[in-house]
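Residue-level structure breakdown
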Amino acid sequence: MTTRTLITILAWLASIASQAAVIIDGQLDASAIYPGTIHTYKISIPEGYSPADSACLYLGLDGILCNAPAVIDSLIAEGAMPVTIGVYLNPGVVYKADGETPLRYNRSNEFDATDDRFARFLETELLPAVRETLTPDGLPIHLKQGGDNAVIFGLSSGGIAAFNAAWHRPDLFGRIFSGCGTFVPMRGGEQLEAIVRKHEPKPLRVFLQDGFSDTWNPIFGSWYEHNRLLGSALEFAGYDCAFDWAEGGHSVARSSEIFADVMRWLWRDYPHSLTPGTTANNFLVPLFDGQPGEWTVRTGTFNPVDTHTGIFNADSTLFVEPAIDSNFMIQYTVDPATGTLANGQRFYYLHSYNNSLLNVASLAFDSAGYLWTLTDAGLQALDQNGRVRGILALPLNLPPLATSPAELSINDGNITIVTTNATYTRRLNIAPAIPGVAPQSQGPG
């Protein structure tokens, strides 16, 4: 038997094993988030699955890659992974009237975007459809809740999609494997490393893989360089992360080679919970005072004050208001004699996802002169020179800022968001601005 024949037989056997593990086909025909798209997917049910115990979730993007069903079954048998149901999703396609000819490929719009639409699609459309599916022997599919119990994998644009889904919803996906991820200037992926550095850490475990020669399309830059930049940001922000930088280009080959070991690394010490790491961000660290906190919620009926239209600083020498046409905020000087505004400039620069125009709901100054800005891309704190230094995650169940009023306030030792039906409070090492007292200057930066 020649080497080539042996390789062919082994590949055929692997294919048979993979196909045998994938037992259910599915299709989503009417997406509310991506109108007109049709998504196909497959589900693999591992041996030993019991609805009474529920299963963990593996979500693979672009369908079946890395012979995942067979490898996962092997790892479950080995005890390196919990019992895990696999879901293998293909990106959406819009077809012509004949139902066969593609009119629009939606892959880049779904996968490369950095906002939360794809995460919402997974949560509200794909996963409910999976849970409503019965196995061939009539068993319901029960999936464990929580990011600790789910891993997501993608390659190239699927790699950034995997990262983004978990970044926006760590409560859904806590374990990430991104191969040759498209963290490049395509749809804002290159901005993620800046956001990771400034954002408080999330309970995520991340593995990035890419090859030294990965420049899939030089119009968009170097995939390898941008993966390294994101990796550096993750290390800075204290994430449990690991990397594989090896020879190779834009290919699934290396991800396939290391797939089993990456799954072992991602699932090591399960079922211990994933926890946020300790960031090196010197703005955030003093705020947390060594103990990052969580939002506490008090429900009721409240009347938030509209503070999104503008705010004076502590000694009323400056006035800030959101710009109506950009993600800047305008700063004016104030004439102390007349109160007249002058010298307006687009001064404060806010971060956004997917080039979206932010909703700025409320503003508040603290005693050090930082401007806290409640946006739908997080609670962003800007220094006196107009730059974001830290971003806090919003409460998970905060009403949409685009449609619901919200008031931000700073008190000694905490920060509070008031909405019409709840208040959200978080303990921080922070103090409010003192009326009439200018904070110490932070210098020219």
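Look up: the structure comes first, before these words.
Quick summary incoming for the structure in this document. Keep in mind the model is a prediction, meaning the values are calculated, not measured. (Residues numbered from 1 in each chain as written. Predicted model: local features only at pLDDT ≥ 70, side-chain atom pairs only at ≥ 80, totals over all residues. Heavy atoms only, no water.)

**Focus: the pairing of strand S14 (residues 328–334)**
The element S14 is extensively covered by neighbouring structure, given that five of its seven residues are classed as buried. The pairing of strand S13 (residues 318–322) with S14 spans five bridges and is antiparallel. If you follow Leu318 over to S14, its bridge partner there is Thr333. Connecting the antiparallel pair S13 and S14 is a turn made up of five residues. Across six bridges, the pairing between S14 and strand S15 (residues 341–349) is antiparallel. Across the sheet, Ile330 pairs through a bridge with Arg346, a residue of S15. If you look at the hairpin formed by S14 and S15, you'll find six residues sitting between the two strands, and Gly339 has a positive phi there, around 75 degrees. (Buried < 20%, exposed > 50% of the residue type's maximum accessible area, 1.4 Å probe, protein only. Helix = DSSP H or I, 4+ residues; strand = E, 2+ residues; numbered from the N terminus. Pairing = 2+ DSSP bridges.)

**So, helix H5 (residues 157–168)**
The terminal C-alpha atoms of H5 lie 16 Å apart, and with twelve residues this matches the ideal 16 Å at 1.5 Å per residue to within 8%. Of all the twelve residues making up H5, twelve are buried; the element is thus mostly covered by neighbouring parts of the structure. Every buried residue of H5 is listed here: Ser157, Gly158, Gly159, Ile160, Ala161, Ala162, Phe163, Asn164, Ala165, Ala166, Trp167 and His168. (Expected span 1.5 Å × (residues − 1).)

**Quick notes on the nonpolar core**
Across soluble globular proteins, nonpolar side chains show a tendency to be buried alongside one another. Phe118, Leu122, Leu126, Phe163 and Phe173 are the most contacted members of the largest nonpolar core, which totals 68 residues. For this core, the element with the highest residue contribution is helix H4 (residues 117–131), accounting for eight residues. Counting residues in hydrophobic clusters, the runner-up holds 25 residues, among them Cys56, Leu75, Leu155 and Phe177. (Core = buried A, V, L, I, M, F, W, Y, C linked by side-chain atoms within 4.5 Å.)

**Details of the pairing of strand S17 (residues 371–375)**
Of all five residues in S17, five are buried, a share of seventy percent or more. Here S17 shows a buried face lined by Leu371, Thr373 and Thr375 and a second buried face lined by Trp372 and Leu374. For strand S16 (residues 360–365) and S17, the ladder comprises five bridges, and the chain directions are antiparallel. What sits directly across from Phe365, in S17, is Leu371. Count of turn residues in the S16/S17 antiparallel hairpin: five residues, of which Gly369 carries a positive phi of about 90 degrees. Here S17 runs beside strand S18 (residues 378–382); their pairing, made up of five bridges, is antiparallel.

**Here we look at the state of the cysteines**
Scanning the model with the defined rule gives zero disulfides in all. Looking at the unpaired Cys56, the closest cysteine sulfur is the one in Cys66, lying at 19 Å. Looking at Cys56, the relative accessible area reads 0%, which means it is buried. With no disulfide partner, Cys180 has as its closest neighbouring cysteine sulfur the one in Cys66, 10 Å distant. The exposure class assigned to Cys180 is buried, which follows from its relative accessible area of 0%. (Disulfide = S-S within 2.5 Å.)

**Some words on the packing of H4 against H5**
Viewed as axis vectors pointing N to C, H4 and H5 meet at an angle of 75 degrees, and their least axial separation amounts to 8 Å. Between H4 and H5, the interaxial angle falls into the category roughly perpendicular. From H4, Phe118, Ala119 and Leu122 reach across to H5, where they touch Ala161, Ala165 and His168. Considered class by class, the residues forming the contact of H4 with H5 number five nonpolar, one polar and no charged. (Axes fitted to C-alpha atoms, helices over the stretch in contact; angles between N-to-C directions. Parallel < 35°, antiparallel > 145°, perpendicular 65-115°, else oblique. Contact = heavy atoms within 4.5 Å. Nonpolar A, V, L, I, M, F, W, Y, C, P; charged D, E, K, R; others polar.)

**Digging into the sheet that holds S17**
Spatially, the four strands line up as an open sheet ordered S16-S17-S18-S19, and their pairing is antiparallel. In this open sheet, the two strands that pair with only one neighbour each are S16 and strand S19 (388–392). Mean inter-strand twist for the sheet, computed between neighbouring axes without regard to direction, equals 20 degrees. In terms of strand pairing, S18 meets S19 through four bridges, oriented antiparallel.

That is the geometry; function is a separate question.
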